[in-house]
Amino acid sequence: MRLIRTDKMNALDPAMFAGIAEAIKTLKETKGLRVVVLSGEGKAFCAGLDLSNFTGGGGGSGEKKPGEGNATGNLDGRSHGITNLAQHVAWGWRELPVPVIAAAHGVAFGGGFQILSGADIRIIHPDTRCAIMEMKWGLVPDMAGFALWRGNVRDDVIRELTYTNREFKGKEAHELGFATKVSETPLEDALWLAKLMASKHPAAMRGAKRLCNAMADSTDAQLMQLESDEQVKVMRTPNQMEAVMAEMQKRKPVFTE
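### A closer look at helix H8 (residues 202-214)
The terminal C-alpha atoms of H8, which comprises 13 residues, lie 19 Å apart, in line with the 18 Å expected from a rise of 1.5 Å per residue. Of all the positions in H8, only Pro202, Met205, Arg206, Gly207, Lys209 and Ala214 are classed as buried. Considering only its buried residues, H8 is in contact with helix H2 (85-95), strand E3 (100-104), helix H7 (186-198), helix H9 (220-234) and helix H10 (238-248).

Set out below in structure tokens:
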């Protein structure tokens, strides 16, 4: 999956919001999907909101007053499960049943940085320019960033970067916890990692993602039960036995959907 509005550094306009949401929907319904790689074509990952395409002086997603329609949906409406449309283009990657790996280069500002944050694993070029940009325009981050950043980044770090909208590079993003790893070749590394993940037992991978998604809000007891529930689903199934046999025979496993 690539963002391809290259003439605008993949900045988010109404068509981009709609296109990303449709892509998430399509991927969610794609049978046999194993892993997704998310990247930006051209010079940047995503430069954030293209303000020239939004009118009405609303919030960071081009929204108008609460209850009024706009290109990215209503602020106070939940059009996509627990999210509005603007939040969905970042949060929706967590709702896919398979791992999502993001490869970032060039620029990841504002909404683009929040889309990057929605990936399970985030590989970033050390010189990528990053910012929680919204305060620059007198706005607050409103594309699921806070829900995605908690647990990865210290509370005071999120506050400082939000309140100041200061720019920082990919190397610092990794040091702070926003990125999984730094790479001079983020897309190549993401594709290699995707190939490795795609070779694993698909049902076990989906179960592992559900467990990872549950960590932030579940009690210890709930997580213990969920571990057991997910293990029961895969243990002694043909695909799980194939994983064992392939490992013992030192060959590539052949899984069935």
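What follows continues from the structure just given.
### Quick word on the nonpolar core
Residues Leu12, Trp93, Phe113, Ile115 and Phe178 are the most contacted members of the largest nonpolar core, which totals 45 residues. Among the secondary structure elements, those contributing two or more residues to this core are helix H1 (14-29), strand E2 (36-40), H2, E3, helix H3 (110-117), helix H4 (145-149) and helix H5 (155-164). Aside from chain neighbours lying at most four places away, what touches phenylalanine 178 is Phe113, Arg122, Ile132, Trp149, Val153, Leu161, Phe168 and Ala173. Ile101, Ile121, Met197 and Met205 belong to the second largest nonpolar core, which has 11 residues in total.

### A closer look at the environment of isoleucine 124
Assignment of secondary structure puts isoleucine 124 in strand E5 (residues 121-124). Spatially, the C-alpha atoms of isoleucine 124 and alanine 190 are 9.7 Å apart, while their sequence positions differ by 66 residues. Leave out the neighbours within four places in its chain, and isoleucine 124 touches Ala104, Leu116, Cys130, Gly170, Ala173, Ala179, Lys181, Val182, Ser183 and Pro186.

### A look at the sheet that holds E3
Taken together, five strands build an open sheet; the order of strands is E1-E2-E3-E5-E8 and the sheet is parallel. Each edge of the open sheet carries a strand with a single partner, namely strand E1 (2-3) and strand E8 (181-182). Two strands pair when backbone bridges link them, and E2 and E3 are joined in this way by four bridges, in the parallel orientation. Note that in E3 the partner of leucine 38 across the bridge is alanine 102.

### Concerning the side chain of serine 183
Examined against the element boundaries, serine 183 turns out to sit in the loop between E8 and H7. Owing to a relative accessible area of 6%, serine 183 belongs among the buried residues under this scheme. At a separation of 2.9 Å, a polar atom in the side chain of serine 183 contacts the main-chain amide nitrogen of threonine 185. Polar contacts involving the side chain of serine 183 include one to the side chain of aspartate 189, which spans 2.7 Å. Apart from residues lying up to four places away in sequence, serine 183 is in contact with Ile123, Ile124, His125, Pro126 and Asp189.

### Some remarks on the pattern of salt bridges
Tallied over the full model, the rule gives 18 salt bridges. For the salt bridge of arginine 5 with aspartate 50, the shortest nitrogen-to-oxygen distance reads 2.9 Å. Note that arginine 5 is positioned in the loop between E1 and H1 and aspartate 50 in the loop between E2 and H2, a separation of 45 residues in sequence. Judged on exposure class, the residue arginine 5 and its partner aspartate 50 are both buried. Put simply, arginine 251 and glutamate 242 hold a salt bridge, and the shortest N to O gap is 2.6 Å. A residue is classified by how much of its surface remains accessible, and glutamate 242, at 16% relative accessible area, is buried. One continuous salt-bridge network, built from bridges that share partners, spans Arg5, Asp13 and Asp50.

Rules used in this analysis
Residues numbered from 1 in each chain as written. Predicted model: local features only at pLDDT ≥ 70, side-chain atom pairs only at ≥ 80, totals over all residues. Heavy atoms only, no water. Helix = DSSP H or I, 4+ residues; strand = E, 2+ residues; numbered from the N terminus. Expected span 1.5 Å × (residues − 1). Buried < 20%, exposed > 50% of the residue type's maximum accessible area, 1.4 Å probe, protein only. Contact = heavy atoms within 4.5 Å. Core = buried A, V, L, I, M, F, W, Y, C linked by side-chain atoms within 4.5 Å. Pairing = 2+ DSSP bridges. Polar contact = N/O pair within 3.5 Å; in protein donor to acceptor, adjacent residues only side chain to side chain. Salt bridge = Lys/Arg side-chain N within 4 Å of Asp/Glu carboxyl O.

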